[in-house]
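# Examination of the molecular architecture
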Amino acid sequence: MTRKTFGKLLGGVLFASVLSLSANAQLKLPQYTKTKLDNGVSVVLMPKNDVPLVTLMLLVKGGGESDPAQMAGLADITNDLLLRGTTNRTAEQLAAEIDFLGATIGTGSDTASNTVTLEVLSKDVTQGVEILADMARNANFDKDEVAKELARALDSAKSVKDNKQAALSRYATKFFYPQGHPYGVVADELTIGRIQRDNIVDYYQRMYVGSNATVIAVGAFDAKALQAAIAKSFGPMRKGQAYTWVKQGPIARKTAPSLLLVDDPQSTQTYFQIMQPGLDATSKDRVAVELVNTLFGGRFTSMLNDALRVNAGLTYGANSTVQERRLPGAVAISTFTATKTTVAAIDMALDVLKKLREKGIDEEQLASAKAYVKGGSPTKLLETNDQLAALLGGFEVTGQGREHIDSYFARIDAVTVADAKRVIDTYYRSDNLVFALLGQKSAIAAETAKYATSPVVVELSVPGVVINAAK
Amino acid sequence: MAIRILAALALLAISCAAQTVAVKQHVLDNGMKILIHEDHDVPNVVMYLFFKVGSRNEQPGTTGISHFFEHMMFNGAKKYGPKQFDIVLEKAGGRNNAYTTRDLTVYTDFFPTSALELMFDMEADRITDLSLTPGMVLSEREVVYSERRLRVDNSPFGTLYEQTNAVAYTAHPYQWPVIGWASDIEGWTRGELEHYYKMGYAPNNCTVVVSGDVTEEQVMKLAKQHFEPIPKQDPPPPVRTVEPVQAGERRVKVYHQAQLPLQMFSWHVPATPDADTPVLEVLGALLSQGRSSRLYRRMVDGELALQAECGGEESIDPGQFICIVAPRTGVEPETSERALLEEIEKLRADATPAKELQKAKNQLLADYYRELKTIANKANFIGNYEVFHGGWEKVNGYEASIQAVSAEDVQRVAKKYLTERNRTVGTLIPETEQEESQQGGEGK
């Protein structure tokens, strides 16, 4: 049992280049190199002598946004199947080899990329590169393995509903984004059920190619030797074509408030999100929004948590998140409360939002947010090999580089109260909000109808994440 | 021939001997123990305060009070009033959290070196002079209720875990949930809280671990100034109840709204300092660590389960070795149970092959490195060794303890603890809305 939903256990900073976090100090990304093999594979190396471990990451551009809408989950499942055997190693051999090294392997798929992350002891790094390259180049998608993986993915999608917060988040995503928007595509039993082996093989052949792949290494290694090992193992990868990013403008604010109610008759509490259009990862407003959001709903003493949890005891935690993706995403208030206090909690969240708009934030608050964000940045961004690899992978998607980190504190310092007011006016509005609720319809439908004129009601028990009504 | 194979395996074995963890130890006059791990790479510090008080120190009627108290420690003291602990720390660039277990309540602070003295001042304030105002008690009670609804009532896993534990233990306090029974959450009185504070939050009942950009001198100067004047108290009374030896399998069924069934298997095992603990760690790795593990291959890859994982957890009193299995759609819980128990039987009946045993050890030793990645992990690691293993210095004996585990040990320990008589099996059976309204139970 922990006390907070905020700030998972964060640790210290590990590299010596950050000497101080006093007012004038800056963050500094450790040195790294980026080169390209002849076949287009990007190679990013960041040597960092700490514990004798190396994080190796294969990143393939595309991810969720490259899923066909009717087959959401295709990118993710294809990526997972890399662990299920190559033309050189069966799934079992691959697993045995990795486990014997004491290595860990994980796959990930977000809205813009697929990753395979292999963490090996430094002494095994060459073998690690060879294994990773084998998966990237020679996955064989054995028929039985594919059938098993698809069946497993179906069950996993189903069991998401046993975690109410995760379930709500899927419905909310689908409800918030307009039809056709790549971020509104949600993998569920229905979309996964349409995926065939041919789709997977086709996706793999198009996307897992040199021009679309990046190999990242962070940790204790000899850079020259590792570069040679990567060139040797990834050099033969087919060049292919780089993925073309989806083009999509900002999300238009709706013209009226809207509300989705996901009926879960046995739930003893209501989970809800209140969403509105936000900004993309590289927006010039990003840092000001980050500071405002820290004060509004991004830390334990935030306005939302202070009101709903600390003062009113309505919830274990209330927060606000700002999606940070390649394309503009959402700003979302999120919390949960006992069924009987549903309206009290929603009203209070709206009231906190209104107060933010009316009162803005003052110099003292802004200074506190700046100190908080700066104080936590090194541990949040740069502490471990995994974090650094993820950061370098993010650069591949957003086009950002070292400057993004090295000028981060200067950009934070430059934010003024007037900047904060401007971003509040833009991203923390009270009009035409999108509400998504999961809870007992019979107890909350009538009362919550006041938030939007024609609420959409769906049943949690219906298979898939299905929202039938036109938006 | 055999000798050559073993030699080859020895070459492949992972060694973490180079990674010893250095700790300076002091005991203040009031009995508070201070452990310091210096790491000057960066200007950050973590401070973990381990109070040896958890739900095992509770009584029926006041279950959950340790966890509730953990929440109350943030609600204002003499110098730093309500909300100030968080407001002041966040403004100084730091953050904090806390967690409660069956054995411990741990406060965790993460901050820039510049906030070191502030941290000592704030921690001393709340250890010495916490204020328990009725309004705060009332509002925090609701927060804990909300946490219970989130983690237990609306979570299939939380519900199954709570119910299976309640059956696995018949006498010892490990039988009740850390968060407390719902009726007890309603009942705590201010008097009980005050008593609990005095008892549990004595400096002589606390180990402080400071890890990061500090020097021993710096820390000890502040510790003497801020922590040493805190008066010592009588520590919590010893937990007298010893769980009687289990003399036959126990079973519990829980009906709950869920998409898929869930199973929990629990066996009683000794407290952490026991010599069999490293063997149980190896057993857990053999069964379920990585995709080449026995349960992954048999159950996950074999399409019986979405997940099948086993392991123990550190405990002051005799604890549990637990397996959690999530059967796949269409797989009867009886089928997945049979598969799990057959795999356990194999560990009892047959010696583990040398290469597989070395694999499990390699995995555990590589995990050990992973624990050392951050100063926060190191602080937690050092503190856990101090309170559970009988001394932080045992951290540096970890490799040897794992390497010493033999195939005979694995078989012996599996035979000794993973028995039918010593087992409790919990099964969560998904039910739909309609089934619940019929309230039919098992009477068919």
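Just so it is clear, the structure is predicted and the values come from calculations on it, not from any experiment.

Thresholds applied
In every chain, residue numbers begin from 1 and rise along the written sequence. To read the labels, note that chains go from A and ligands from 1, taken in the order they are written. Note on the predicted model: pLDDT of at least 70 is required for a residue's local features to be given, and 80 or more for side-chain atom pairs to be given and counted; whole-chain, interface and lining totals, by contrast, use all residues. Heavy atoms from the whole structure form the basis of all side-chain values; hydrogens and water molecules are not counted. Each helix is a run of H or I in the DSSP string that is no shorter than four residues. Each strand is a run of E no shorter than two, and both are numbered from the N terminus. Computation of the radius of gyration draws on C-alpha atoms alone. For the globule rule, the value is 2.2 Å times the number of residues to the power 0.38. Exposure is judged per residue with a 1.4 Å probe applied to protein chains only, and the accessible area is read against the type maximum: over 50% gives exposed, under 20% gives buried, and values in between give partly exposed. Every residue pair with non-hydrogen atoms within 4.5 Å of one another is taken to be in contact. Accessibility throughout is a Shrake-Rupley quantity obtained with a 1.4 Å probe, and a residue counts as covered only by protein chains that appear here. Counted as positive: Lys and Arg. Counted as negative: Asp and Glu, with His and the chain ends omitted from the count. Taken as the charge centre is NZ of Lys, CZ of Arg, CG of Asp or CD of Glu, depending on the residue. Any two strands with at least two DSSP-identified bridges between them are counted as paired. Whenever a helix is involved, its axis is fitted only over the stretch in contact; in every case the axis is a line through C-alpha atoms, and angles between N-to-C directions fall within 0 to 180 degrees. Think of a nonpolar core as a cluster: buried Ala, Val, Leu, Ile, Met, Phe, Trp, Tyr and Cys residues, connected wherever their side-chain atoms sit within 4.5 Å. Domains are outlined according to an automatic or database domain assignment. By definition, a salt bridge exists where a carboxyl oxygen of Asp or Glu is found within 4 Å of a side-chain nitrogen of Lys or Arg. Count a disulfide wherever a pair of cysteine sulfur atoms falls within 2.5 Å. Orientation labels follow simple angle bins: below 35 degrees gives roughly parallel, above 145 gives roughly antiparallel, 65 to 115 gives roughly perpendicular, and whatever is left gives oblique. Each residue gets one of three labels, nonpolar for Ala, Val, Leu, Ile, Met, Phe, Trp, Tyr, Cys and Pro, charged for Asp, Glu, Lys and Arg, and polar for the others, Gly among them. The quantity reported as buried area is the accessible area (1.4 Å probe) lost by two parts once they are put together, taken as the sum for both. The definition of a polar contact used here is a pair of N or O atoms within 3.5 Å, where within protein one atom must be able to donate a hydrogen and the other to accept one, and adjacent residues in sequence count solely through side-chain atom pairs. Paired rings are identified among Phe, Tyr and Trp, the last through its six-membered ring, by centres lying within 6.5 Å, and are further divided according to the angle between planes into stacked (under 30 degrees), edge-to-face (over 60) and tilted (the rest). Charge over a ring is defined by NZ of Lys or CZ of Arg lying within 6 Å of the ring centre and within 35 degrees of the ring normal.

What chain A contains, in helices and strands, is 17 helices and twelve strands. For 471 residues, the compact-globule estimate of 2.2 N^0.38 gives 23 Å, and the C-alpha radius of gyration of chain A, at 23 Å, lies within 12% of that figure. With respect to the three principal axes, the spread of C-alpha positions in chain A is 65 × 55 × 40 Å. For chain A, the proportion of its 471 residues judged to be buried stands at 59%. When contacts within chain A are restricted to residue pairs at least 6 apart in sequence, those whose partners lie at least 24 apart make up 82%. In the form shown here, chain A has an accessible surface area of approximately 17,500 Å², with 52% of it arising from carbon and sulfur atoms.

Now for the overall build of chain B. Each helix and strand counted, chain B has 17 helices and eleven strands in total. In terms of overall size, chain B behaves like a compact globule, its C-alpha atoms giving a radius of gyration of 24 Å where 444 residues would be expected to give roughly 22 Å. By principal-axis analysis of the C-alpha atoms, chain B measures approximately 65 × 60 × 40 Å. Residues counted as buried form 62% of the 444 residues belonging to chain B. Contacts spanning at least 24 positions in sequence make up 82% of the contacts within chain B whose residues lie at least 6 apart. When the 46 positive and 61 negative side-chain charges of chain B are each reduced to one mean point, those points stand 4 Å apart.

Residue and element names in this part refer to chain A. The six strands lie next to each other as S1-S2-S6-S3-S5-S4, forming an open sheet whose pairing is mixed. Here the strands that pair on one side only, and so sit at the sheet edges, are strand S1 (33-36) and strand S4 (104-109). Along the sheet, successive strands turn relative to each other by an average axial angle of 15 degrees, direction set aside. Bridge analysis of S1 against strand S2 (residues 42-47) gives four bridges, and the strand direction is antiparallel. Across the sheet, the residue bridging to lysine 34 is valine 44, located in S2. Sheet strands in contact with helix H3 (residues 125-138) are strand S3 (53-61), S4 and strand S5 (113-121), and its direction is about 20 degrees off that of S3.

A separate point is the nonpolar core. Among the nonpolar cores identified, the biggest contains 66 residues, and B:Phe321 and B:Leu340 are the most heavily contacted of them. Top contributing element to this core by residue count: helix H14 (residues 375-388) of chain B, with eight residues. Inspection of this core shows a minimum of three residues originating in each of domain 1 (20-227) and domain 2 (250-438) of chain B. In this structure B:Leu340 touches B:Phe265, B:Trp267, B:Leu295, B:Met299, B:Cys310, B:Cys323 and B:Val325, once residues within four positions along its chain are discounted. Counting residues in each nonpolar core, the second largest holds 61 residues, with A:Met46, A:Leu381, A:Leu391 and A:Leu392 among its members.

Once that is clear, we can look at the side chain of A:Asp99. Inspection of the secondary structure assignment puts A:Asp99 in helix H2 (residues 91-100). Despite being buried, A:Asp99 has no salt bridge partner; B:Lys359 is the closest side chain of opposite charge, sitting 4.6 Å away. In this view, A:Asp99 contacts B:Gln289, B:Gly290, B:Arg291, B:Ser292, B:Ser293, B:Lys359 and B:Gln363; residues no more than four positions away in its chain are not counted.

The final tally for this structure, using the stated rule, is 59 salt bridges over all chains. Across the pair B:Arg102 and B:Glu313 runs a salt bridge whose closest N-O atoms are separated by 3.5 Å. A residue pair is termed long-range when its members are at least 10 positions apart, and B:Arg102 in the loop between strand S4 (95-100) and strand S5 (105-112) and B:Glu313 in the loop between strand S9 (305-312) and strand S10 (319-327) qualify at 211 residues. Looking at B:Arg102, the relative accessible area reads 8%, which means it is buried. As a salt-bridge pair, B:Arg251 and B:Glu337 come within 2.4 Å of each other at their nearest N and O atoms. Taken together, the residues B:Arg251 in strand S7 (residues 250-257) and B:Glu337 in helix H12 (residues 333-349) connect sequence positions 86 residues apart. On the basis of relative accessibility, which here comes to 46%, the residue B:Arg251 falls in the partly exposed class. Accessibility expressed as a relative area gives 11% for B:Glu337, which makes it buried. Salt bridges here are not isolated pairs; linked through shared partners, they connect A:Glu119, A:Asp386, B:Asp367, B:Arg370 and B:Lys373.

A few words now on the state of the cysteines. Residues and elements named next belong to chain B. The full count for this structure, using the stated rule, is one disulfide over all chains. Between the sulfur atoms of cysteine 310 and its disulfide mate cysteine 323 the distance is 2.2 Å. One quick way to see it: the torsion about the S-S bond of cysteine 310 and cysteine 323 is about 110 degrees, and its sign makes the bridge right-handed. Of this pair, cysteine 310 sits in strand S9 while cysteine 323 sits in strand S10; the two residues are 13 residues apart in sequence, bridging distant segments of the chain. Each of the two residues, cysteine 310 as well as cysteine 323, counts as buried.

On to the packing of helix H9 (residues 286-298) of chain A against helix H12 (residues 363-381) of chain A, then. Residues and elements named next belong to chain A. Orientation of H9 relative to H12, taken along the N-to-C sense of each, is 100 degrees, at an axis distance of 9 Å. Classified by the interaxial angle, the pair formed by H9 and H12 is roughly perpendicular. Contacts between H9 and H12 involve Glu290, Leu291, Thr294, Leu295 and Gly298 from the former and Gln365, Leu366, Ala369, Lys370, Tyr372, Val373 and Lys380 from the latter. Its residues assigned to classes, the contact of H9 with H12 shows six nonpolar, three polar and three charged.

What follows covers the domain arrangement of chain B. Residues and elements named next belong to chain B. What the domain assignment reports for chain B is domain 1 (20-227) and domain 2 (250-438). Once you take the C-alpha centre of each, domain 1 and domain 2 turn out to be 28 Å apart. With 41 residues of domain 1 in contact, the opposing surface of domain 2 contributes 41 residues. Across the domain 1 to domain 2 interface the summed buried area is about 3,400 Å²; carbon plus sulfur atoms make up 68%. The interface formed by domain 1 and domain 2 includes four salt bridges. The partner of aspartate 39 in a salt bridge is lysine 378, with the nearest N and O atoms 3.3 Å apart. Seen at the junction of domain 1 and domain 2, the total is 22 residue pairs in polar contact (both at pLDDT 80 or more). Going through the elements one at a time, strand S2 (33-38), strand S3 (44-51), helix H6 (156-168) and strand S6 (206-212) are the ones with two or more residues in the side of domain 1 that touches domain 2.

Further remarks concern the packing of aromatic side chains. Enumeration according to the criterion identifies 29 aromatic pairs over all chains in this entry. Following the ring pairs from residue to residue traces out a cluster consisting of B:Phe51, B:Phe69, B:Phe74, B:Phe85, B:Tyr107, B:Tyr196, B:Tyr197 and B:Tyr201. Over the face of the ring belonging to A:Phe175 we find A:Lys254, whose NZ or CZ atom lies 5.9 Å from the ring centre. We note A:Arg299 situated over the ring of A:Tyr372; from NZ or CZ to the ring centre the distance is 5.1 Å.

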